[in-house]
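# Structural characterization, general
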Amino acid sequence: MKIHYLWHSEFICELKNSEWNIVRIMSDAWLSNYVFWDMMESNPKVKINFDNFNVDAIFISHSHCDHLDPYTLIEIYNNIKPRPLLLIPETLAFLVPLFAKYLPKQKIEILKNKKVFNLNWIDIEWIIFENDYLTNEDDVMTLAISNDKELLYTDVDTVPPENEETIEYLYDLFTRKDYENAIYLSTRNELEGNFKILEA
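This write-up is about the structure you can find in this document.

About the cut-offs
- For every chain, the first residue of the written sequence is number 1, and numbering continues from 1 along that sequence.
- Where local features are concerned, this predicted model is filtered to residues with pLDDT of at least 70; where side-chain atom pairs are given and counted, the filter is 80 or more; whole-chain, interface and lining totals use all residues.
- Note: side-chain values were computed over all heavy atoms of the structure, leaving out hydrogens and water.
- Runs of E in the DSSP output that reach at least two residues are strands. Runs of H or I that reach at least four are helices, and both are numbered from the N terminus.
- Whether a residue is buried, partly exposed or exposed follows from its accessible area with a 1.4 Å probe, protein chains only, as a fraction of its type maximum: under 20%, in between, or over 50%, in that order.
- Contact criterion: two residues are considered in contact whenever any of their non-hydrogen atoms come within 4.5 Å of each other.
- Computed by Shrake-Rupley with a 1.4 Å probe, the accessible areas treat only the displayed protein chains as cover when residues are assessed.
- Each salt bridge in this description consists of a side-chain nitrogen of Lys or Arg and a carboxyl oxygen of Asp or Glu lying within 4 Å of one another.
- When DSSP finds two or more bridges between two strands, those strands count as paired.
- Helix axes use the C-alpha atoms of the stretch in contact, all axes being lines fitted to C-alpha atoms, and the angles between their N-to-C directions lie in the range 0 to 180 degrees.
- Nine residue types can take part in a nonpolar core, namely buried Ala, Val, Leu, Ile, Met, Phe, Trp, Tyr and Cys, and a core is a set of them joined through side-chain atoms within 4.5 Å.
- For patch detection, residues must exceed 30% relative accessible area and be free of salt bridges, and they are connected within 9 Å for like charges or within 5 Å for nonpolar side chains (Val, Leu, Ile, Met, Phe, Trp, Tyr).

### Thoughts on the overall build of the protein
What the protein contains, in helices and strands, is three helices and 13 strands. Here the protein holds 200 residues, and 47% of them are scored as buried. Taking all contacts inside the protein whose residues are at least 6 apart in sequence as the whole, residues at least 24 apart take part in 54%. About 11000 Å² of surface is accessible on the protein, with carbon and sulfur atoms providing 52% of the total.

### Considerations on the pattern of salt bridges
Side-chain pairs of opposite charge can arise where the charged atoms are in close proximity. What the rule picks out here adds up to seven salt bridges. It is possible to trace a salt-bridge network through shared partners that takes in Asp123, Asp148 and Lys177.

### Examining the environment of Pro84
For Pro84, the location among the structural elements is in the loop between α1 (70-79) and β7 (85-89). Judged by its relative accessible area of 1%, Pro84 is buried. Through-space distance from the C-alpha of Pro84 to that of Ile108 is 9.4 Å; in sequence the pair is 24 residues apart.

### Comments concerning the sheet that holds strand β12 (residues 150-154)
Pairing is mixed across the open sheet formed by five strands, whose spatial order is β9-β10-β11-β12-β13. Of all strands in the sheet, those bounded by a partner on one side alone are β9 (116-119) and β13 (181-185). Looking at each pair of strands side by side, their axes are set apart by 15° on average, direction ignored. Its contacts with the sheet place helix α3 (residues 164-175) against β10 (122-127), β11 (142-146), β12 and β13, and it is angled at close to 150° to β12.

### Topic: the sheet that holds strand β6 (residues 57-59)
What holds strands together in a sheet is hydrogen bonding between their backbones, with the strands either parallel or antiparallel. The mixed open sheet is built from six strands, whose spatial order is β1-β2-β3-β6-β7-β8. Lying at the two open borders of the sheet, with one neighbouring strand each, are β1 (2-7) and β8 (108-111). Across the sheet, the mean angle separating the axes of adjacent strands is 20° when strand polarity is ignored. Taken together, the four bridges between β7 and β8 define a ladder with parallel strand orientation. Bridge pairing in β8 links Pro89 to Leu111.

### Regarding the nonpolar core
If you look at soluble globular proteins, the nonpolar side chains tend to sit buried side by side. Formed by 24 residues in total, the largest nonpolar core has its most connected members in Met26, Phe53, Ile58, Ile60, Leu73, Leu86 and Phe99. Going through the elements one at a time, α1 and β7 are the ones with two or more residues in this core. If one sorts the elements of this core by residue count, α1 sits on top with three residues. Here Ile58 is in contact with Met26, Asp28, Ala29, Leu73, Ile76, Tyr77, Pro84, Leu85, Leu86 and Leu87, once residues within four sequence places are set aside. Ranked by size, the runner-up nonpolar core spans 22 residues in total, among them Leu85, Leu87, Ile124 and Val156.

### Description of a nonpolar patch on the surface
On the surface, Ile74, Leu98 and Tyr102 cluster together into a nonpolar patch covering about 280 Å² of accessible area. Note on Leu98: relative accessible area 48%, which makes it partly exposed.

### Focus on the side chain of Thr72
Along the chain, the position of Thr72 falls in helix α1. Sequence-distant contacts of Thr72, that is, excluding residues within four places in its chain, are made with Ala29, Trp30, Leu31 and Ser32.

Nothing here speaks to function; it is geometry throughout.
Rendered as C-alpha cells:
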C-alpha cells in the first residue's frame, strides 16, 4: 500500500488487487487555489502535474468546499483520460444532476452506507456514524479501502463517536480479514490543514 499525500485531507491510496494491478483511489478533490469557493487563495499554491496524475476513482466524502471543489473536478476530468470513476455517497445523490451538467458523460457510482463496492477487485466501503449531538460534520462519510492483505480506513474530516456500536463496527472492519497491514488515517480538519496519522 502507498499513500500519496496531496494536501489538506486529500490523498491518493494505491493498493494492488488480486491480479497484481495497482488501483489508485483519490479521497476528496480540493486542489484549486481557492479556499472557500472564490475567496481566499490557498497558500502554498497547489499545482497538478497531469503528466503523472493517474487515478481510477475519486471519492467525495461530503459537500464542504474543502472536500468537493468544482474547479478541481472540472480540471481533473478535462485533463485525464480515461476519466476516473466518481464515487459519491448516497447523501450526495441530489448533486448527480449538477455533476451531469458540468461533467457530461461522467460515470458516477452512488455508494450506500455500510455496503461494499468492488472496484477492480478492491473493496470500497463508506460508513456514516450517527453522533449523539449535532456537528457540522454529520454528513461526512468515512472510507475503508482494502484488498485481501491491506486495509486503509480514514475518518475524512470527522471523528467517529465513542459509543459501543461504532467501536464494534470498526473492530469488525479491522478484523474482517487477516490483514498484514491495517491503517487508521485521521484527516481531521485543522486550521492549518495538517495531515495527521493516528494509530498507524
